[in-house]
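So you can see what is in the structure, the chains are spelled out below.
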Amino acid sequence: MAPLIETSWSTSTQADASSKSPARVGLFERAVLELVESPKWSSKDEEKNPFLAELIRAGDRYRAAKAGDDDLGSDSSSERLREFIQQLETQKKAGRGYRILHRLSPFLENLHNLMKICEGTTQAAPFGVGIAFSGARVVLQLAFDIHSQFETVLEALERIGVSLDCYRLLAQYNASPELERVLVSSYKNIIQFWLKASQTLSQGPLKQLTKALTSPLHAVIKQACDALSEDSKAVHHLASAIEMVQAQNDRDQRRTESLEAQQRRSTEAERKCKDDIATWIRGQENLDANPDLEDQLQRRQDGTCDWILEDQRFTDWRDANTSATLWYNAPPGSGKSVLASSVIQHLKNRDANVAMYFFSFNSLTRRCGKNGLRSIALQLLAMTKTLPDRFTQIYEQNKLFSPNLDSYDVARNLIHQLLTPMDEIYLVIDGLDESADEALLLAVLQSLVQARVYATVKWFITSRDHPPSIRETMESLGATEIRPGPDVISSDIQKYVSATMICPGCFADWAGENEVNFLYARFVCETLRYEGLTRVADIERVLSTFPKDLDSYYVRSLEKIAGYTEVEQELVRRVFVILIGAAQSVSLRELVDALSIEPGARNYNEKNRVLDDELIGRLCGPILAFERKGSSVDPKVKFYHKTVKDFLLQSPDTVKNIGEPIRKYFITTRDADRELGLQCVTYLKYERYTEYIDLALLLADTPKEHAFLRYAAAFWWKHLEEVVPTPDMVAQVTEFLKSRAFWNCLCVQSRIAPYLFGRYTYTKSRKFAMGFRGAQWSNGDSFGIPLPTWFSGQSSECMMLDQALCHFAEEWREVIITCPDGVDLCTALRTSANSCHLKSLSKSKSMRAEHLKGLPDMDDLSHVRLLNTTLVGKKLSVDVLYGKQGSRPGEMQRLRATVLPSKTPVISLVSLPGNSELSEGCVLTWDQDVVEAWNVDPNTLDMSRRTVEPSKPLKAPPYIHEHTKEKGEGQWWIWGAATTPISAIGTSIRIIHASWREKAIVPLTCNGHDKEDTDSDDDSEWSESESESSDDPVSTDSEDEEELAATSVTDSESKVSESGSDHCLIFLRPDGQPFWSRPWTNPHGRVEKIGWAAHPKRPLLAFTNTAFQLELIDLEKGIQSTKHLPEPVGFHAEPLAITRELHFSACGNYLYGLSVSFIDETIGTNCYVILSTYNINYEGDSDETFLRERQPIECTYKFADRLIDLAPQFTLTHWDDDCLLIALPPLTCDPKILAINLPKGAETPSGTDLIPIRTLQKQIYFPASTPRRDARLLFKPSSEGKDDYIYLALGAFSPPNPPPSDSKPDAPTTPSQASPPVFLQWRLSQEDGWRAWDPKVDEESTDRKRKTPISMTLRGNFVDSEKSVSVPIRSGLNWTRKGHLSCW
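Rules and cut-offs
Residues numbered from 1 in each chain as written. Predicted model: local features only at pLDDT ≥ 70, side-chain atom pairs only at ≥ 80, totals over all residues. Heavy atoms only, no water. Axes fitted to C-alpha atoms, helices over the stretch in contact; angles between N-to-C directions. Helix = DSSP H or I, 4+ residues; strand = E, 2+ residues; numbered from the N terminus. Parallel < 35°, antiparallel > 145°, perpendicular 65-115°, else oblique. Left-handed = near helix turned anticlockwise from the far one by under 90°. Contact = heavy atoms within 4.5 Å. Nonpolar A, V, L, I, M, F, W, Y, C, P; charged D, E, K, R; others polar. Pairing = 2+ DSSP bridges. Buried < 20%, exposed > 50% of the residue type's maximum accessible area, 1.4 Å probe, protein only. pLDDT = per-residue confidence, 0-100. Phe/Tyr/Trp six-rings, centres within 6.5 Å; stacked < 30°, edge-to-face > 60°. Lys NZ or Arg CZ within 6 Å of the ring centre and 35° of its normal.

Focus: the packing of helix α13 (residues 312-319) against helix α14 (residues 336-349)
Part 1: Between α13 and α14, the least distance of the axes is 13 Å, while the angle of their chain directions is 45 degrees. By the angle between their directions, the pair α13 and α14 is classed as oblique. Where α13 crosses over α14, the handedness of that crossing is right-handed. From α13, Phe 314, Trp 317 and Arg 318 reach across to α14, where they touch Val 343, His 346 and Leu 347.
Part 2: The residue makeup of the contact of α13 with α14, split by class, is 4 nonpolar, 1 polar and 1 charged.

Put into structure tokens, the structure is as follows:
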């Protein structure tokens, strides 16, 4: 038996081995052999055991399959077994065996799964797989033939099927030794079961063996099931282990993928961050130094500059293990830049890290020190793999305040942070002396060289040995100096000439006798090449005529110019004047336009222009260069080399062999400034600029005949600043300031150089921050005024002109800087016989300003009080009380007049008992004929009328005294007062707003500094009025007047009172008996405006101090009651400031409540406006008296300023019967004007409310002093389709009077900056007056929408971006104190 089986199986195994991997072939076949070759099997078993016989037949089929490609795999074998079972089921017609296939389906499926795994995991041969199914068929057939054992076998196969179910757990796993071991074990157990079951079922005649078979068969089944059960357990353990390993592998994989993704994100984020930083550093400039390097390398001739690479000092520096500095200095034109490029190339060839920059006098970009530092920073950034944290922090901190890197300090810090982690870096700075910002650059380089870093930093710096500050800096740094000798430079020059000249020997002979440098050698070579000389004799002849050195070459060029006509010579001289004196590079068009100016000319003359722009180049020859950028047709004009300007600036007495005709070309900077400054003034005074010009259009595309306008406007004062004034110069400037043309000059300055009017706040770091807005001045704060600082000291007239411009700039600075289109809507708020022309040239009459006729000069007044402003139709009438300097105590003048239109005033004498009415604790009351004064006791709020004889005080009620006792130390002070007419009783009452002062009370602070208000009237002065008898009057202090009570309680150390601020209202009734409201406490730190309203038909006055209740004062009964308001809509619990105002409708049935709350945000302030309408039920109880009639009207407005940076007031309002007019911040520049229609209840036609909120189509502008001048807003709506009118009445403004600017006895008297009351009017046409509020357009203010940082806005778009700007400044506290600032 054994040989037979062995032959069959070895043949199949060998056949299978031809196509299978030897490591996998025969794995299950060997398992079968181990079983059938067991000693317990005898040779007779082969004949008696059907399964063994099936093995032999299976081997034959397998060999046949190799030839016939028959499929013996798990799928076909499983299908054949299924067909066999179906045949058995067909033969078994009844009994439990009828559903054989159903019962054996789990066994069949699980056996199929097991064999499928064997095929896929262990690469089992089809023969080994097939016999597992064949054994099942043999055993089933044998059991079917022995009817009594068929059920037993079926049950056994069902149990085996359950055990085999575990293998589906392994279907998803890859091959492993443990898996193979389990599979082989189960396979052997199955085959062994087929062998033993087949052996048992095939013994003896069927009928005789039925009973004898039962016990052995059960034993075989039990053994097989137990073995497979153990295998099942092993499979579950293995699956669990594999699953755990797989889970861990999955976790590791996910962790790896997460780390890789995180690394990718980090890398991408860092790359983006580096790109963003690079963009920020680069700005709008091309700072790539590689083109400059390539340009210098192309200029280098082979063999030149090699000497330095062999110099011991150079090699020691290059190979040093520590940081070192090497300074190469040589005369101008000696090839320093070419040598620097050779050093850079040498270092790069050695794979060194090199950062470089080439400064150049001839390039606007490359002579800026900041650009050099920015370029170095960009190169270091590109070399840095991981950004230092501190580097990123510096970037994040500064990008918020500047759109690009524009600070030397920040550039230095960034470079230091990039250098710190590096290993070794070479930094090459060429042409240090050609930087326009040499002093600043030297300071930065010194700081960087001396800074402690981990890297080995080696600096290579080239420059002239001038100015002395460069040598001083290099010596302080311990730099090694290399200064080439004449022989070295001559050798390199000879190599250069040999490569560029036909006859280098000719040049060598000539150069040996003269002082020659590279610049001069290039001049010579280009001249000879230009003349096309080809013969040695001709070259020698021309060379013999050349000067011996560069200065002599320039002298020769000037002598050539001296041979031109007188007109041409003067043209060249003026070109030199402009190029030497110019505050920045000038373009060819600017130069040609400037050359057309004739001294004393009154207007532009086209005939004075140079006919051919190229004439300038032909006349000046090689001395000038024209720098073109891209496709620009207007190149910058400059000297060919820095040495040209240096040569022309020296004294002609120091130049050898100079003739008299060329001495005029030597110009000092002072002479250039004087001539150029007067040319600018002459140009700006042209008659064409005395008429209105659309400057926005003109400057957008400046025609050639106006090309010099921007330069003249920006720098005229700067040129004259540098010279000693002469009477003629003073006269010309005076004439210019008083001329109409000055207005156009100011408008041009507003558009191109607004920094000239900027506000410069002195910071704790002892630097100035550029800005334009501020509520108060501190020591050191300044503002810009574009006038020569010497001007005001020339005469009293000059002083007045200076003062007029200072006052105008103070009032309209914000408009000048941020809204240049609005400058034509600005006007001087002070009148003076000697004033600059500060009025628009536009013919538009949309804005008017009027002053009071008959009011004395402010210098002659001790105080001024605006009592009342009233509109009757379009006429604005005012009532003013003032006192003269030197008058008797209590003697005042009362002036009543119509100012719009202006009419002759009525002035009457007013006498008050006691001292001045403006003393602390004094309140005025008045009617048509009488003005009275009342004293308020600051400790008790008791009141007494001021009379000649002491009057008996009127005691405050007990609840006031009790409240005062509870507060402890402190005093009451008068925060505001107003007069309100009460129609129901036919008279007016005076309302006094008192506030408890626990600690120092100050207005809102500016920039965190406690400051005192400079307006002496602000503490006690408030909007006050009397009722007019005119028809349909509109008054600022009528029944619908509200008063601002802006208060911030702090102590001198800025510690805020935790208890908030306490307030009380006092009502002075007609009978002379005051009524005191119950005191209330404002929330901590809040600024509030408390409004009140008088009922039109009842003796009732209402005010509110919270969002939830209303206080009602019955003036006849002297009773205060509280009414609850409906739940507020859009309520903000903790605003920084809030305005609450009330207004009764004319019928008295509706009460309107206005709430304007201010919430601080990250980038500014949000303002929430809500108008509520309440229906009044006078018969209801406290909870039903006021019912909300309809949904409130509301809108949101966002502006860029922090509220703490603004001066109170924050809002101005005017109530009309049909409309509420509101002005929202900033009231110092471009307020947002809203007109809200007042609903009249549910019966109001819907058409009235179609546009609930309107705003202006065209912006109007308020002066900066508006919040500090007792401002009154008035509004006259149109009737019958006519125009609307808005009015702004401003009270007097008296800042501190500065001391005299000069201590000399004959010095001009310093005029006061006090400003009288002024009244502004805006006319709004029906066509372009109002439009509907659009949140998308109107919700954000103009400055909040503006993306340009304020520093860039101030700098403007005209001054060279790489240059510092010079600003003449005045002290904010004393306008006569002057100075200068340099700003970047």
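So, the sheet that holds strand β19 (residues 943-945)
Part 1: Read from one edge to the other, the open sheet built from 3 strands follows the order β17-β18-β19, with strand pairing classed as antiparallel. At either end of the open sheet lies a strand with only one pairing partner, and these are β17 (922-926) and β19. Strand-to-strand twist across the sheet, computed as the mean angle between neighbouring axes with direction ignored, equals 30 degrees.

Structural notes on the environment of Trp 790
Part 1: The residue Trp 790 is located in the loop between β11 (782-784) and α34 (796-818) in this model.
Part 2: Note on Trp 790: relative accessible area 12%, which makes it buried.
Part 3: Sequence spacing of Trp 790 and Val 724 is 66 residues, and the spatial spacing of their C-alpha atoms is 8.6 Å.
Part 4: In this structure Trp 790 touches Leu 720, Glu 721, Val 723, Pro 725, Met 729 and Val 730, once residues within four positions along its chain are discounted.

Observations concerning the pairing of strand β34 (residues 1150-1161)
Part 1: The buried fraction of β34 is high, at 9 of 12 residues.
Part 2: Pairing geometry for strand β33 (residues 1137-1144) and β34, over 8 bridges, is antiparallel. Among the inter-strand pairings, Glu 1141 is bridged to a residue of β34, identified as Leu 1154.
Part 3: Linking two consecutive strands that pair antiparallel, namely β33 and β34, is a turn of 5 residues; a positive phi of about 85 degrees is found at Gly 1148 within it.
Part 4: Pairing geometry for β34 and strand β35 (residues 1164-1176), over 12 bridges, is antiparallel. In the sheet register, Tyr 1150 faces β35, and the bridge partner there is Asn 1175.
Part 5: Hairpin connection between β34 and β35: a loop of 2 residues separates the two successive antiparallel strands.

Structural notes on the packing of helix α29 (residues 669-684) against helix α32 (residues 727-738)
Part 1: Viewed as axis vectors pointing N to C, α29 and α32 meet at an angle of 30 degrees, and their least axial separation amounts to 10 Å. With respect to their mutual orientation, α29 and α32 come out roughly parallel. Helix-helix and strand crossings are classified by hand; for α29 and α32 the assignment is left-handed. Counting all contacts with α29, which are made through Arg 674, Leu 678, Val 681, Thr 682 and Leu 684, the residues of α32 involved are Met 729, Gln 732 and Phe 736.
Part 2: Of the residues that constitute the contact of α29 with α32, the class distribution is 5 nonpolar, 2 polar and 1 charged.

A short note on the confidence of the model for the protein
Detailed reading of the predicted coordinates is not advisable wherever pLDDT is low.
Part 1: Of the residues in the protein, 81% have a pLDDT of 70 or more, and the chain-wide mean is 80.
Part 2: For the protein, per-element mean pLDDT is lowest for strand β24 (residues 1048-1049), which scores 28, and highest for α32, which scores 96.
Part 3: Predicted confidence is poor over residues 1000-1059, with pLDDT under 50, and the contacts of this stretch with residues over four places away or in other chains come to 216 contacts.
Part 4: Long-range and interchain partners of residues 1243-1249, a stretch whose pLDDT sits below 50, account for 7 contacts in this model, where long-range means more than four residues apart.

Things to note about the packing of aromatic side chains
Part 1: Inspection of every chain in the model, using the stated rule, returns 33 aromatic pairs.
Part 2: Geometrically, the ring pair formed by Phe 576 and Phe 639 is tilted, given 6.0 Å between the ring centres and 50 degrees between the ring planes. On the criterion of sequence distance, the pair formed by Phe 576 in helix α25 (residues 566-581) and Phe 639 in strand β8 (residues 636-639) is long-range, its members being 63 residues apart. For the residue pair Phe 576 and Phe 639, the accessibility class agrees, reading buried in each case.
Part 3: Through a chain of ring-to-ring contacts, three or more aromatic side chains come together here, namely Tyr 683, Tyr 686, Tyr 689, Phe 708, Tyr 711, Phe 715 and Phe 1358.
Part 4: In this arrangement the basic side chain of Arg 1254 is found over the ring face of Trp 1330, its NZ or CZ atom lying 5.2 Å from the centre.

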